[in-house]
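For reference, the chains in residue letters:
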Amino acid sequence: MNDQSITTENETALDAAVPVVTEEESFKQLFEASLKETPALKKGQNVKGFVVSVDSEVVTMDVGGKNEGTVNASEFAAIGKALPAVGDEMDVMVLSAGGRGGVQLSVLEGRRQELWEKVDAVIAAGETIEATVLKEIKGGFRMDLGGLSAFMPRSETDVDARIPAEQVLGQTCQVAILEATRKPENIVVSRKQPLAKVHEEKQAKFLAAASVGDKVTGEVKRLTDFGAFVDIGGVDALLHVSDMAWRRIDHPSEMLSVGQVVSAEIEKINAETGKVSISMRSLQEDPWVTASSTYEAGMRLTGTVRKLLDFGAVVELEPGVEGMIHRSELSWMRKDVKPTEVLSEGDVVDVAVLAVEPEDRRIRLSLKEVNENPWQSWLADHPVGSKITGKIKNVTDFGFFVGLAGDLDGLVHIGNLSWEKKGDDAIKEYKKSQEVEAVVLGVDVDRQRISLGIKQLSNDPFEVFLTGVSRGGIVKGKVAEVTAGAVMVELADGVQARLALREVPREDNALKVGDEVEAKVIDVNRKRRQVDLSVTQLLRDEERDAVRSYTQTIKNDEMPSALALELQRKLLGKK
């Protein structure tokens, strides 16, 4: 037997001694060996992963050995990142190490753990952290700390509590952490605290260097109904609406907008409160400086109605110069008209200047003076003494009003209704809408009154009577009325005279209505339209005349007798 034969036999014997391993058994052995080489994953463990596939729902990652896990694609949007690409490496946290759901991974939870560590460090150091204002919620705002959700109370939003929500929404800013607990998860932050600190530092620096009268430039931060707040380098100064321009401004938005840069002058500084007031108007020329030479009484101007008040209307004549139309100067026809019934804000009107008072920054205007005075015009066409015809518009206790041309009214007083009748009786003959003829008695242009009379259409019987009778004359009439101390004697139609009982002889003072009376006129009062009579004086005059006549007869014939002399002495007062 040769050596080769021996070797072959030995190999055959060796093969018979080693057990045969199948392919299935070999794969099983290799799989078990790989499991021993792959580290076990634990829940909560942070590991590195490589992206092996990406779709709209999940991102699949290799986290070591043969371990693969998935991350919900929505988590990348939650941390503000785009979906990764195949082959990208990143840190993830193991949420679930296996089971029916397989290995569940999270980029968000890993980031949250890092953020919590950062939050703890920020609190310990008293520092700030970056946050984004996501949306407004009840009581404040929902904030994002880069993966952690936080709450910012409305009162902690800004040093100015009135800041509008839209001004902070979407902003990324530095916030201080007021409160932070992990279980339950709750973080409360403040944007106001770091802002206040910066504001205080800037304010102190500004106030140390600023003075009243300084010229400043700033950015409009906020508009309100009463003005604007302007950042002038560390201080939000108030620019009141009245200090924006010399002209009237109803709302700051007419001139300014948020973000606009303006120049102004410091008007007030309160070092204790840190408040500063500024004025843009003080940098502009005061239009009232030239107003006294520009405007004068009697001028006719055109202006714009800027404001209506209870007592009148404010009219802008030029930017910064306004005049006032008092309600009494709005209309010729209506004395107490409301401004809103005649004008509207924004109306362009023609006005007349009544007075200019530059020291009081005041110009008095009139709307009615630019139109013809209807009373003057009516008087020109209807002079005193002329006759008019019109319908009664309304009847009152003191007379009635007659409608005239041009919407004017004329008053017929009850005293001007009849020569013969009393006013209270005469007015009963007139009613509304009745057409009447009257005489123009007078026109008071200033008081806007037209006086009319109806009895003046005929002659005054009193005056007619007096043309033939004067004081001392003798008249006859009948008793028309008997009163306690006198009787009224009718001398002619519409003319009565007063006869006092003391002017009637005692034997005749029992006069009654209808008795005829002859008497002497002792007084005439045209203003009171009264004639006073006396029977006693008439009889005395007659006796005196009889004695004088008798005496004259005796004188012509012979010396008077003793009886005649006695009568002369008694009747004529001769001694």
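Heads up: the structure comes first, above all this text.
A brief structural summary. Values in this document were obtained by computation on a predicted structure and should not be read as measured data. (Residues numbered from 1 in each chain as written. Predicted model: local features only at pLDDT ≥ 70, side-chain atom pairs only at ≥ 80, totals over all residues. Heavy atoms only, no water.)

Brief notes about the pattern of salt bridges
Point 1. Inspection of every chain in the model, using the stated rule, returns 19 salt bridges.
Point 2. As a salt-bridge pair, K215 and E265 come within 3.1 Å of each other at their nearest N and O atoms. Here K215 is found in strand β11 (residues 215–223), whereas its partner E265 is found in strand β14 (residues 261–270), with 50 residues between them in sequence.
Point 3. Relative accessible area serves as the criterion here: at 56%, K215 is assigned to the exposed category.
Point 4. Of the residues examined, E265 reaches a relative accessible area of 18% and is grouped as buried.
Point 5. For D444, the salt bridge is made with R447, and the minimal N-O distance between the two is 4.0 Å.
Point 6. Relative accessible area serves as the criterion here: at 28%, D444 is assigned to the partly exposed category.
Point 7. Residue classification places R447 among the partly exposed positions, given a relative accessible area of 46%.
Point 8. A cluster of three or more residues bridged by salt bridges with shared partners is formed by E357, D360, R362 and R364. (Salt bridge = Lys/Arg side-chain N within 4 Å of Asp/Glu carboxyl O. Helix = DSSP H or I, 4+ residues; strand = E, 2+ residues; numbered from the N terminus. Buried < 20%, exposed > 50% of the residue type's maximum accessible area, 1.4 Å probe, protein only.)

Here we look at the pairing of strand β24 (residues 435–444)
Look at any regular strand and the pattern is simple: side chains alternate between the two faces of the sheet.
Point 1. Pairing geometry for strand β21 (residues 387–396) and β24, over 5 bridges, is antiparallel. Each bridged residue has a counterpart across the sheet, and for I388 the counterpart in β24 is A438.
Point 2. In this structure, β24 lies alongside strand β25 (residues 449–453), joined through 5 bridges in antiparallel fashion. Note that in β25 the partner of V439 across the bridge is G453.
Point 3. What sits between β24 and β25 in their antiparallel hairpin is a turn of 4 residues, with Q448 showing a positive phi close to 60 degrees. (Pairing = 2+ DSSP bridges.)

Re helix α4 (residues 107–125)
Point 1. Compared with an ideal rise of 1.5 Å per residue, which puts 19 residues at 27 Å, α4 spans 27 Å between its outermost C-alpha atoms and is within 8% of the ideal.
Point 2. The complete set of buried residues in α4 reads V107, L108, G110, R112, L115, W116, V119 and V122.
Point 3. Just downstream of α4, G126 is the residue with a positive phi angle, here 70 degrees. (Expected span 1.5 Å × (residues − 1).)

As for the packing of aromatic side chains
Point 1. Within this structure, the stated rule accounts for 3 aromatic pairs.
Point 2. Between the aromatic rings of F398 and F401, the centroid separation amounts to 6.2 Å while the plane-to-plane angle is 90 degrees, which identifies the pairing as edge-to-face.
Point 3. Judged by its relative accessible area of 39%, F398 falls in the partly exposed class.
Point 4. Looking at F401, the relative accessible area reads 23%, which means it is partly exposed. (Phe/Tyr/Trp six-rings, centres within 6.5 Å; stacked < 30°, edge-to-face > 60°.)

A word on the sheet that holds strand β28 (residues 495–500)
Point 1. Pairing is mixed in the closed barrel, where 5 strands are placed in the order β26-β27-β28-β30-β29. Recorded for the sheet is a direction-independent mean angle of 50 degrees between the axes of neighbouring strands.
Point 2. Judged from the 6 bridges that link them, strand β27 (residues 486–492) and β28 form a sheet pairing that is antiparallel. Within the sheet, the bridge partner assigned to V489 lies in β28 and is A497. (Axes fitted to C-alpha atoms, helices over the stretch in contact; angles between N-to-C directions.)

Describing the sheet that holds strand β3 (residues 68–72)
Point 1. Reading around the circumference, β1-β2-β3-β5-β4 is the order of the 5 strands in this closed barrel, with mixed pairing throughout. Going across the sheet, the axis of each strand differs from the next one's by a mean of 50 degrees, ignoring polarity.
Point 2. Two strands pair when backbone bridges link them, and strand β4 (residues 89–97) and strand β5 (residues 103–106) are joined in this way by 4 bridges, in the antiparallel orientation. The residue of β5 that forms the bridge with A97 is V103.
Point 3. Across the sheet, α4 touches β1 (46–54), β3, β4 and β5, and the angle it forms with β4 is around 100 degrees. (Contact = heavy atoms within 4.5 Å.)

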